[in-house]
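# Notes for the structure review
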Amino acid sequence: MSTIVRLSDVWFQYQHDEQGANQWALCQIDLTIEKGEYIAIIGPNGSGKSTLARMFNGLLVPTKGTVQIADYFTHDENDLWEIRRMVGMVFQNPDNQIVSTTVRDDIAFGLENLGIPRREMIRRIDQAIEVVGLTGLEEQAPHYLSGGQKQRLCIAGILVMQPKVILFDEATSMLDPQGRKDVLQLIDQLHRQGKTVIHITHAAEEAFLAKRIIVMNQGKIELDLPRDELYRQAECLQKWGLEVPLPVQLHRRLRELGVPLTDLIHSEEELVSQLCRLLSKN
Ligand code: ADP
Ligand code: MG
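Small disclaimer: the values here were computed from a predicted structure and weren't measured.

Let's shift gears to the overall build of the protein. Summing up its helical and strand segments, the protein has ten helices and ten strands in all. Relative to a compact globule of 282 residues, whose C-alpha radius of gyration would be 19 Å, the protein shows 20 Å and is just as compact. Among the 282 residues that make up the protein, the fraction classed as buried is 48%. In the protein, the share of contacts with a sequence separation of at least 24, taken over all contacts with a separation of at least 6, comes to 63%. Only carbon and sulfur atoms are counted for the fraction: they give 48% of the accessible area of the protein, which is about 14,600 Å². The averaged location of the 38 negative side-chain charges in the protein is 5 Å from the averaged location of its 30 positive side-chain charges.

Rendered as structure tokens:
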């Protein structure tokens, strides 16, 4: 494995107010992410998730400590261009990220200043449209798209830049259930295609789709665990005001009652299918 992101003793404070009383928005963050990982970052509102997100592509630079992406450092201005190409970000509100009047133009927008030959541009755009499932909507005006389609359009605009890391900051929180499901599926697909995925969310059930979960609270990393390990001690999420997903609660309660389910469940569907199998035997 090779490391793609390394944060070393990162501290961050927004501008001091007059009393200089500002809190640290991030404290003592040490974090290493390997190429191809699928990580969720979860935490209550104000815990520093978005501040951390902005560290990954140099939108914010640490007050103290360093952020390294591959061989580049965000505090070195000469590295920023390369870092921003390597780390794509998808935010909460797709409307704020859409700039053009057709789907195709919007996806092309970021590519236009890279000096890429036209044929290569077209190839990348066509491929991105297919990956995000917007085939047939190329000439559509983005404002006619559903929320989920708009968010997938934003993702296509990032894919054409061929980033190594894609970071989603609450990218599903404004979507309806179907739009949310589609985007979550796309996130998983991008991970399986080898992208490094960082998914920031306050929804624990979304976090449990990742392979590794980081819990943040008051600017600190409280936990950094493989998904399955956190699953086994999911109640601890309540300490930080986070919900234990309903399927996780149900699975654990049923096991306590002696229902012979496997000790780990990887999705709601898996729980349902195990229950159906057990019930049909009786
Ligand atoms: P989260 O994304 O987990 O909700 P944020 O990173 O947005 O958390 O916020 C972390 C802390 O930094 C909060 O206390 C918040 O009030 C503060 N903060 C966030 N953005 C700014 C800003 N632009 N200026 C000053 N303080 C900010
Ligand atoms: Mg946030």
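Take E170: it is sitting in the loop between β7 (165-169) and α6 (177-192). Buried E170, no salt bridge; nearest opposite-charge side chain is K49, N-O distance 4.1 Å. Excluding its chain neighbours within four sequence positions, the residues that come into contact with E170 are K49, Q92, I200, T201 and H202.

Once that is clear, we can look at the nonpolar core. Grouped together as the largest cluster of nonpolar side chains are 57 residues, with contacts concentrated most on I107, I155, F168, L190, F208 and L230. With six residues, the top contributor of residues to this core is helix α5 (residues 147-159). Sequence-distant contacts of L190, that is, excluding residues within four places in its chain, are made with V131, I155, L159, I166, F168, K195 and V197. In terms of nonpolar packing, the next biggest core, distinct from the first, is built from 29 residues, L7, V10, L60 and M89 among them.

Counting buried residues along strand β3 (residues 38-42), five of its five residues qualify, which places the element largely inside the surrounding structure. Alternating residues of β3 divide into Y38, A40 and I42 and I39 and I41, and every residue in both groups is buried. One ladder, built from four bridges, connects β3 with strand β9 (residues 212-217); its direction is parallel. Considered in β9, the bridge of I42 is made with V215.

The subject of this paragraph is helix α2 (residues 77-86). Looking only at α2, the buried set comprises D79, L80, E82, I83 and M86. Looking at the buried residues of α2, the elements they touch are α1 (49-56), β4 (64-69), β5 (72-73), β6 (87-90) and β7. The distance from a side-chain oxygen at the start of α2 to the backbone nitrogen of N78 is 3.0 Å, and the residue carrying that oxygen is D76.

What counts, and where the lines are drawn
- Numbering of residues begins from 1 in every chain and follows the order in which that chain's sequence is written.
- To label them, take the chains in the order written and letter them from A, then take the ligands in the order written and number them from 1.
- With pLDDT at 70 or above as the cut-off, local features in this predicted model cover only qualifying residues; side-chain atom pairs require 80 or more to be listed or tallied, and sums for whole chains, interfaces and linings still use all residues.
- Only hydrogens and water are removed before side-chain values are computed, so all heavy atoms of the structure are retained for them.
- Helix and strand definitions follow DSSP, with helices as H or I runs of at least four residues and strands as E runs of at least two, each counted in order from the N terminus.
- Computation of the radius of gyration draws on C-alpha atoms alone. For the globule rule, the value is 2.2 Å times the number of residues to the power 0.38.
- The cut-offs for exposure are 20% and 50% of the maximum accessible area for each residue type, with area from a 1.4 Å probe on protein chains only; residues under the lower value are buried, those over the upper are exposed, and the others partly exposed.
- The contact criterion used throughout is that any non-hydrogen atoms of two residues lie within 4.5 Å.
- Surface accessibility follows the Shrake-Rupley procedure with a 1.4 Å probe radius. Residue values consider only the protein chains on display as shielding.
- Charge convention: Lys and Arg are scored as positive, Asp and Glu as negative, and His as well as the terminal groups of each chain are ignored.
- Just so you know, the charge point we use is NZ for Lys, CZ for Arg, CG for Asp and CD for Glu.
- Here, a salt bridge means any Lys or Arg side-chain nitrogen found within 4 Å of an Asp or Glu carboxyl oxygen.
- Among buried residues, the Ala, Val, Leu, Ile, Met, Phe, Trp, Tyr and Cys ones that are joined through side-chain atoms within 4.5 Å form a nonpolar core.
- Any two strands are treated as partners once DSSP identifies two or more bridges connecting them.
- In the analysis that follows, any N or O atom pair within 3.5 Å is treated as a polar contact, provided that within protein one partner can donate a hydrogen and the other can accept it, and provided that, for residues neighboring in sequence, both atoms belong to side chains.

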